[in-house]
Amino acid sequence: MFRSGLTCPGCGSSNIVDDDLYAQAQLVCTDCGSVVSEGTLADEPVGGSVVSYSRSTAVTKKPCMNLIKGVQRLKALCRILRVNSEIEDQSEKYYKDAYQHESFINVTLQKKEVLAGCCLLVSCRLRNWPITMGTISCLLDADFNVVGATYKEMVKILNIKAPIVNVTDVMEAHSQEYKISSYPEELAETSKDLTKRALALVELAAESWIVTGRRPVPIMMAAVYLGWQSLNPNQHRLRMSLEKFCQLAQVKKCRAAMTRIAEMKEMLCKLGKELPWIRGAVTPDNVIPQVDDILQNRYALLRRAMRAHEDTLQAECQTSSADPQTEQTAPSQITEHVAQTPNTSSVEQSEPNPDRAEPPADKEANLQTAPEQSDVQGSPDPAPNWGKRVLFAPPCVVHPKKRRAPQPELQDVTGDEEISDSEIDSYLRTPREVRDFVLTQKMLSEEGKS
Amino acid sequence: MQLSSFTWNLLEILQILDQVDQVRCGVMDESALERYFDDSIANDSAFILGEELGLQSSAPPLDGPASSVQNSSFLSTKSERSGELGDELDLSFLPDDLSTQEEPGQDDTGADSQTSILDVSQDSGVGLNFTSQDSTAEPQQEASISGLRTGASPFCPMTPMTPMTPMTPVTERSGIIPQLQNIVSTVNLGCPLDLKFIALQARNAEYNPKRFAAVIMRIREPRTTALIFSSGKMVCTGAKSEEQSRLAARKYARVVQKLGFPARFLDFKIQNMVASCDVCFPIRLEGLVLTHQQFSSYEPELFPGLIYRMVKPRIVLLIFVSGKVVLTGAKERAEIYEAFENIYPILKGFRKQ
C-alpha cells in the first residue's frame, strides 16, 4: 500500500509502502529498500494501546460459550420430547433473544438451563403441542417454583401470549407413563383403554368444577386411578390403594390426588344415584362398579340429576313458605341454582328452559338481600353458602376455609380526629421500663459472650 | 344557497308547530295533522338528522340561547343559532333537494295516534340524542331540544324510542360493592430518625437491622403496621379505608414526635388500595382466558386464580373459580368500583354459558 506524502530519505522517491511482513510494521522505500520508519512497538502509549483487546484482536465477536451450551441443552430437550423442527427452531430463537436480555444475561447457569426449558415450553404451547410445567421441571430436574417464576418473567420480557394447556390435552401423555400393561389380566390395562376412560372422567370432572384452578397432575392421576379401577372392578383392584397403584405403575404419587379422588367419587355418586336400576344408596365405596354405566349415559344422568335437584329445592321452598320460620333464602336458592343450570353441561343448553332463564335476571336483587335476611334469622352460618345449594359447585365454595371473624369496623373515620395523648403514651415505654430493658439486654449479651 | 334551504325548512318547522298548537287548541283536525306530520317527516328526516349532528358538534355556548326558548321568541333565537351554525358548519352532507314535500306518508306513521306523537315528544330530547352520533346524552343538548318545542315533535321517528346507537343503561349495576381490605400509604416525617432510639423507647416497635433497615411499628386502633425508615419516610399498611390510613399515619407521626423528633406530616399519599368481593357464582376461568387473552393470564399449575390486567382503569384483578374477585393497584376508591363494574358483565356473561 502506497503511503503518500512521504519521501525516502535515501533516494527521495515517494514510493513508500507499508511492509507488514515482519512483526514490526515498517515503511520501506520500494526503489532503494531503505527503511523510512519503523513500527510502533516502542511508540505505544504507556499502559497499552488505545484500542482495547476485545475490540482489536477479534475479527468477529466469538459467541458466548454458555449460550452455545444452552442451545445444545435445548436441542437435547427437544430430542427427548420428540418435538418437531418448527418448535425446535422457535424455541431456539426465543432462547437466544431472552438470553441477551438484562434479566437473564447474568443469572446462574442453572437458571439459564431453566430458561431453555421455559422457551421450549412456550413454543410447544404456541404450536399446540401441550406439555405441562411439571414435565419441564422433571426433565430439567429443577425446582418447580423456579421454573414457574422463570417462565412468567420470560413471557413478560418477550411479550408472548401463549394459550393455556387443557388437562384433556396432556391426559394422553400422562397416562402413557403408567406401566401397567404387562401385569396379569386382573391388574393390566392397555394404555389406550386407560387413556380413554381417564379422559372421560376428566371431562366429567371439568363439568363439575373439579378441574378449574387446580393443578393438572393430581387430577390426571386421580382419573387414571379411578379409570383403572372401573375398567375391571374386581376385588383386587377395588381394594388397592392409590399408593400401591402408583408403585405398581412406577409413577410417583402426589398427595393432592387423594382429595381429587374423593371429590370425583362424590361427583360420581351424585350421578350414580340417578341410574334407574340402582337399588340402595350409592356411596363412594360402591360407586366404582357403576362408573362404566355412568360414563356411558353421563349426559342423561346429568339432566336427571339437575332436575331432581330442582325438585328437591322446590319442595324445600314449598315447606319453607308454609313455615316462615325456616330460611327465607329459598327463592334465591332456586335463582342461584337455575343460574347454575346452564353452566354444568354444554348439553344442558339445548334443553328448553326459557321460563327458567328469565327469572334469574330480576331475582338477582333477591340474592343480595339474602345475607341480610339470614342474619336477621340468626342462622348459625351468617353468610349463606350458595355452594351448598347447587348440585355442582367448586369444592372451595362447598368447603370454605374458616376465616377469622371480621374485626368490628371503624365507622365514620374522617382522618382528622383528635389523637389523645394517653393513647400515644400507651405506646411509649416508661423510663423504668427502658432501664430494665437495657439491663436485660446487657445481661443477655454478656451471657452469650461468656 | 344551502343557508336559504336551511331557513326555508325552519319556516316549515314553525308551520308544523303552529299547527300543533292549533290542534291542541282544538282548531285543527287530528287526521290532517297526522297527514302533515307524515309528509314533513318523510322529507325532513334527513335534514333533521343533519341538523342534530350539526347541533351536537357545535360548541356548547350556542345552546345557551336555545335552552331558554319556550315561546314565540323561538324564531329569532333559532335563526340566530342557525346563522351561527351555518357559519361554522359544513352542511354539505345534507341532501340537495330538501324542498320536496309531496311524498305520501309512510306506513308506520299512519297508525299512530296523536297521543303517541305527543308522548314521543316528551322523550324527544332523548330520542334525538340517540339519533346523533354522540351516544352520551348531553344534558345541555337535551334541554335545548325539549325547549324547542312544547308540543309534538316532528323531528323524531314515529316508532317510539328507537335509538340508533344503543345507550348503556345506567341502571344495570351489579349491586355488589367491593370491600376495601388494605390501604398502603406513605408519608414523609421530614426529619432523620434514630431507629435504635425509637426501638428502645417505643413498646410497639421492632427493629432488626440485619434483616430489614426499618423499624416496624404497630398500633391497635386503627389496626395497622408502619415501616419507619431512618430517612424519615414512613409506609403505613393495613387500614381498611383512606381516612383510617390517614388517622393511623398521624398517630405514628405523633408517637415519633413524642419521642423527641421534630416530626411533621408531609406528602401523605395513598399508594395502593386492595379490595375484594364475591359475585356468588362459579366462573369458567378457562373460557375467560380464551376470550380475553390479551388481558388475562391463567396458569393453574402456578396459581389457581386468573390474573386480569385491566387497561382502563389500570387495575389488576385476581379472579377465582369460586367467584371471589380481588382488585388491587388502585390509587383511588373510584377506580376499584369502576373496575368491578367493568368486569362484572364479563363474568356474568360467562355464568350464563
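The rules behind the values
- Residues numbered from 1 in each chain as written.
- Chains lettered and ligands numbered in written order.
- Predicted model: local features only at pLDDT ≥ 70, side-chain atom pairs only at ≥ 80, totals over all residues.
- Heavy atoms only, no water.
- UniProt positions renumbered as here; feature names shortened; annotations may be inferred.
- Helix = DSSP H or I, 4+ residues; strand = E, 2+ residues; numbered from the N terminus.
- Buried < 20%, exposed > 50% of the residue type's maximum accessible area, 1.4 Å probe, protein only.
- Contact = heavy atoms within 4.5 Å.
- 1 Å grid on protein atoms, 1.4 Å probe; cavity = no way out; pocket = protein on both sides within 12 Å on 5 of 7 lines; lining within 4 Å.
- Points joined across faces, edges and corners; volume = space filled by probe spheres on them.
- Nonpolar A, V, L, I, M, F, W, Y, C, P; charged D, E, K, R; others polar.
- Buried area = accessible area lost by both parts, 1.4 Å probe.
- Salt bridge = Lys/Arg side-chain N within 4 Å of Asp/Glu carboxyl O.
- Polar contact = N/O pair within 3.5 Å; in protein donor to acceptor, adjacent residues only side chain to side chain.
- Core = buried A, V, L, I, M, F, W, Y, C linked by side-chain atoms within 4.5 Å.

Under the annotation held in an unreviewed UniProt entry, chain A carries the name Transcription factor IIIB 50 kDa subunit and is attributed to Acanthochromis polyacanthus. Regarding chain A, the relevant UniProt record gives this comment under Subcellular location (unreviewed entry): "Nucleus".

What is the right way to look at the environment of B:Val187 in this model?
Residue and element names in this part refer to chain B. Checked against the element boundaries, valine 187 lands in strand β1 (residues 179–188). A relative accessible area of 4% places valine 187 in the buried class. The contact partners of valine 187, leaving out residues within four places of it in the chain, are Gly232, Lys233, Met234, Phe265, Leu266, Asp267 and Phe268.

I keep staring at the layout of surface pockets and nothing clicks. Help me out?
Using a probe with the size of a water molecule, rolled over the atoms, empty space left in the structure can be pinpointed. Residues and elements named next belong to chain A. By volume, the second largest pocket amounts to about 1200 Å³. If you go around the second largest pocket, you meet 33 residues; those closest to its centre are Gly134, Thr135, Cys138, Glu177 and Val217. Broken down by secondary-structure element, the contributors of at least two residues to the lining of the second largest pocket are α6 (133–140), α7 (144–158), α8 (167–175) and α10 (216–231). Across the lining of the second largest pocket, the residue classes tally to 17 nonpolar, 8 polar and 8 charged.

Can you walk me through the interface of chain B and chain A in this structure?
The figure often quoted for interface size is the accessible area lost as the parts come together. Across the boundary between the two partners, chain B contributes 52 residues, which contact 56 residues of chain A. Buried area between chain B and chain A, both sides added, is near 5100 Å², and the carbon and sulfur share of it is 52%. Looking only at chain B, the three residues that lose the most surface to chain A are B:Arg203, B:Arg284 and B:Glu301, adding up to 16% of its buried area. At the boundary of chain B with chain A, the tally comes to 7 salt bridges. For A:Glu423, the salt bridge identified is with B:Lys251, shortest N-O distance 2.8 Å. At the surface where chain B touches chain A, the tally comes to 22 residue pairs in polar contact (both at pLDDT 80 or more). When residues of the side of chain B that touches chain A are traced back to their parent elements, those giving at least two are α9 (195–201), β3 (214–219), α10 (242–258), α11 (285–291) and α12 (333–352) of chain B. Among the elements that take part in the side of chain B that touches chain A, α10(B) stands out by supplying 9 residues, more than any other.

Is there a simple way to think about the environment of B:Leu285 in this case?
Mapped onto the fold, B:Leu285 is located in helix α11. C-alpha separation for the pair B:Leu285 and B:Phe350, spaced 65 residues apart in sequence, amounts to 9.0 Å. With residues near it in sequence (within four places) discarded, B:Leu285 still touches A:Thr212, B:Tyr298, B:Pro304, B:Leu306, B:Ile319, B:Phe320 and B:Val321.

What am I meant to see in the nonpolar core here?
What tends to happen in soluble globular proteins is that the nonpolar side chains get buried as a cluster. In terms of nonpolar packing, the biggest core is built from 88 residues, with A:Phe245, A:Leu271, B:Val279, B:Leu317, B:Ile319, B:Leu327 and B:Leu347 touching the most fellow members. The greatest single-element share of this core, amounting to 9 residues, is contributed by α10(A). Ignoring any residue separated from it by four or fewer positions in sequence, one finds A:Phe245 in contact with A:Tyr178, A:Ile180, A:Val224, A:Tyr225, A:Trp228 and A:Met240. Core analysis: the next-biggest nonpolar cluster, separate from the first, contains 34 residues, A:Val83, A:Tyr99, A:Ala116 and A:Met154 among them.

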